[in-house]
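What the coordinates show
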Amino acid sequence: MNTSGFERGSQKEFRIHVLPTNRFKTFAISLYAGVPLQEETVTKVALTPFVLRRGTQSYTETTEFREQLEHLYGAGFGFDVYKRGDYQIVQFRMDTINDSFVGGDEQLLDRSFAFLGEVLTRPAMEDGHFRKAYVHSERETVRKQLESVVNDKMRYAAERSIEEMCKNEPYRLHPLGKRQDLPGIEPDVLTTAYQTWLQQASMDLYVVGDTTLEEVESLVQKHFDVNRTHSSNYVTNQAVRGDKDVETVVERLNVNQGKLNMGLRTSITYGDPQYAAALMYNGILGGYPHSKLFVNVREKESLAYYASSRYDGHKGIATIQSGIEIPNYEKAVSIIKQQLDQMKNGNISDLEMSQTKAMIRNLLKEMQDSAFEMIAYDFNRQLSGKERTADELLAQVEQISKENVREAAEQFRLDTIYFLRDEKGE
């Protein structure tokens, strides 16, 4: 049953989701292309949108490409590459003003689809392959972005802790791929990978604005120059909490501040009936400034420069991040473990419950003011197979009790402790 307001259709093996509304002055367009995270393809898939944004067959030079956006009254265009669960997602976005605010006979949605369709299916080529200059230039762009992770020790520790925790799983891979793969990706190699990706990726196209499903389907048919033969669905792997001993990894680099990260596994994922309770668990543990980690580890004990937690409901993993003085490692680990035990024992205050519900409530309500946030929320449905509107999730959160949170806490188990420290000392 569709209760989200999005109308569903398909064209050329693209799943199409349209929310007809005149609430916004723009058309919000998002295209999600998802493939399984795989060692042999992750870097080539990540590099592809960087090259696609350099030019098309009609606008072969990057300056012409950008000028075309100006001709669309300053339309916004961009992309992201990230992971959700064990999938690598490339997301293209366009934000185009509604025709009615321009005047005349402009057909800006049609022109936007012409632009996006050409970016996706008719890239700039030479000798049947991507332009060499673009491929080499964008290889360097991706290399620098991957190096920036290494140089930002907070991000580096977060990535390394996931690599160690999921060393035998696709989730260990960074969505931008691996630096050592980049030099070997020449135009012919990338073009072949792009053609496979275009055929095999799970494609979900979203439009929010003053339009109809029928119009969007006809625009895809008109402007997307590709004949896809099948549409793959996302497969959700059952998250396993496991019972192995906690693994501790210590890495030494030239750092002054220690980075203490912990990984927890849970069987609760986005489609699970306990998902709302898991959101509450993460919020009370470390998701917000009033949380146990922030108050007890950072404020009361002054052990951490920062202390927080995140929860990936598509993977069934929660992570704790903290920055500490290196000699405080043992004490910080002990106090963080105490907070995990507090959660499992149900030692949760009324204030922690009410503040966390208020934070989640505000986030879900603010989401309704952003077309792209509404799209992102609905895309969770595609990834998980779970139909749950924001209002339904909010109603579930409002009903969560301390006992519900305690029961959810029982489903989170500490899996890995990762500590990045200096090269000196014991």
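Here the focus is the overall build of the protein chain. Within the protein chain, the regular secondary structure consists of 14 helices and 13 strands. Relative to a compact globule of 426 residues, whose C-alpha radius of gyration would be 22 Å, the protein chain shows 23 Å and is just as compact. Considering only C-alpha atoms, the protein chain reaches an extent of 65 × 50 × 35 Å along its principal axes. By residue count, 52% of the 426 residues in the protein chain fall in the buried class. Looking at the protein chain alone, contacts between residues at least 24 apart form 81% of all its contacts between residues at least 6 apart. Element-wise, carbon and sulfur atoms account for 45% of the exposed surface of the protein chain, whose accessible area totals about 18900 Å².

Another aspect to go through is the packing of aromatic side chains. Think of a pair of aromatic rings as described by two things: how far the centres are apart, and how the planes are tilted against each other in angle. Following the criterion strictly, the structure yields 20 aromatic pairs and no others. With centroids separated by 6.3 Å and ring planes inclined at 35°, the aromatic side chains of Tyr-194 and Trp-197 adopt a geometry described as tilted. You can see Tyr-194 and its partner Trp-197 sitting in helix H6 (residues 187–200), three residues apart, about one turn around the helix. Among the residues examined, Tyr-194 registers a relative accessible area of 3% and is labelled buried. The exposure class of Trp-197 is buried, given its relative accessible area of 3%. Among the aromatic residues, those joined into a ring-pair cluster are Phe-6, Tyr-32, Tyr-87, Tyr-206, Tyr-234 and Phe-379. The ring of Phe-14 has Arg-228 sitting right over it, with the charged end atom 5.2 Å from the ring centre. In this structure, Arg-388 packs its charged tip against the face of Tyr-270, placed 4.9 Å from the ring centre.

Picture a little ball the size of a water molecule; that probe, rolled over the atoms, points out where space is still empty. Approximately 1700 Å³ is the volume found for the largest pocket. Sorting the residues of the lining of the largest pocket by element identifies strand S4 (76–84), helix H5 (153–165), helix H8 (275–287), strand S11 (304–312), strand S12 (317–324), helix H11 (350–367) and helix H12 (371–384) as the ones contributing at least two each. The class makeup of the residues in the lining of the largest pocket is 28 nonpolar, 12 polar and nine charged.

One open sheet accounts for five strands, arranged S9-S13-S10-S12-S11; its pairing is mixed. The open sheet has two free edges, formed respectively by strand S9 (247–252) and S11, since each of these has just one partner strand. For this sheet, the mean angle separating the axes of adjacent strands, direction not counted, is 15°. Sheet topology places S11 next to S12; eight bridges connect them, and they run antiparallel. Each bridged residue has a counterpart across the sheet, and for Asp-312 the counterpart in S12 is Ile-317.

We now examine unusual backbone geometry. A positive phi angle is found at Lys-12, which is not glycine, with a value near 55°. Here Lys-12 lies in the loop between strand S1 (7–11) and strand S2 (14–20).

Okay, the pairing of strand S3 (residues 26–36) next. Among the 11 residues in S3, nine count as buried, and that is most of the element. One ladder, built from seven bridges, connects S3 with strand S8 (residues 202–209); its direction is antiparallel. Paired with Tyr-32 across the strands is Asp-204, a residue of S8.

As a further point, take helix H13 (residues 390–398). Those residues of H13 lying buried are Ala-390, Leu-393, Leu-394 and Val-397. Mapping the buried residues of H13 onto a view down its axis gives an arc of 100°, with all of them on the same face. Residues of H13 that are buried sit in contact with H8, H11 and H12.

Okay, the nonpolar core next. Of all hydrophobic cores here, the largest spans 54 residues; its most connected members are Phe-77, Phe-92, Met-94, Phe-113 and Trp-197. The dominant element in this core, judged by the number of residues it contributes, is helix H3 (residues 108–121), at seven residues. Excluding residues within four positions of it along the chain, Phe-77 makes contact with Arg-53, Phe-65, Leu-69, Phe-92, Arg-93, Met-94, Phe-115, Leu-116 and Val-119. Counting residues in each nonpolar core, the second largest holds 49 residues, with Leu-260, Ile-284, Leu-285 and Ala-307 among its members.

Let us now look at the packing of H11 against H13. Where H11 meets H13, the axes come as close as 10 Å, and the angle between the chain directions of the two elements is 170°. The orientation of H11 relative to H13 falls into the category roughly antiparallel. Residue-level contacts link Lys-357, Ile-360, Arg-361, Leu-364, Lys-365 and Met-367 of H11 to Ala-390, Leu-393, Leu-394, Val-397 and Glu-398 of H13. Across the contact of H11 with H13, the residue classes tally to seven nonpolar, no polar and four charged.

Quick notes on the rules
- Residues numbered from 1 in each chain as written.
- Predicted model: local features only at pLDDT ≥ 70, side-chain atom pairs only at ≥ 80, totals over all residues.
- Heavy atoms only, no water.
- Helix = DSSP H or I, 4+ residues; strand = E, 2+ residues; numbered from the N terminus.
- Rg over C-alpha atoms; globule rule 2.2 N^0.38 Å.
- Buried < 20%, exposed > 50% of the residue type's maximum accessible area, 1.4 Å probe, protein only.
- Contact = heavy atoms within 4.5 Å.
- Areas by Shrake-Rupley, 256 points an atom, 1.4 Å probe, with all protein chains shown as cover.
- Phe/Tyr/Trp six-rings, centres within 6.5 Å; stacked < 30°, edge-to-face > 60°.
- Lys NZ or Arg CZ within 6 Å of the ring centre and 35° of its normal.
- 1 Å grid on protein atoms, 1.4 Å probe; cavity = no way out; pocket = protein on both sides within 12 Å on 5 of 7 lines; lining within 4 Å.
- Points joined across faces, edges and corners; volume = space filled by probe spheres on them.
- Nonpolar A, V, L, I, M, F, W, Y, C, P; charged D, E, K, R; others polar.
- Pairing = 2+ DSSP bridges.
- Axes fitted to C-alpha atoms, helices over the stretch in contact; angles between N-to-C directions.
- Arc of directions from axis to C-beta.
- Core = buried A, V, L, I, M, F, W, Y, C linked by side-chain atoms within 4.5 Å.
- Parallel < 35°, antiparallel > 145°, perpendicular 65-115°, else oblique.

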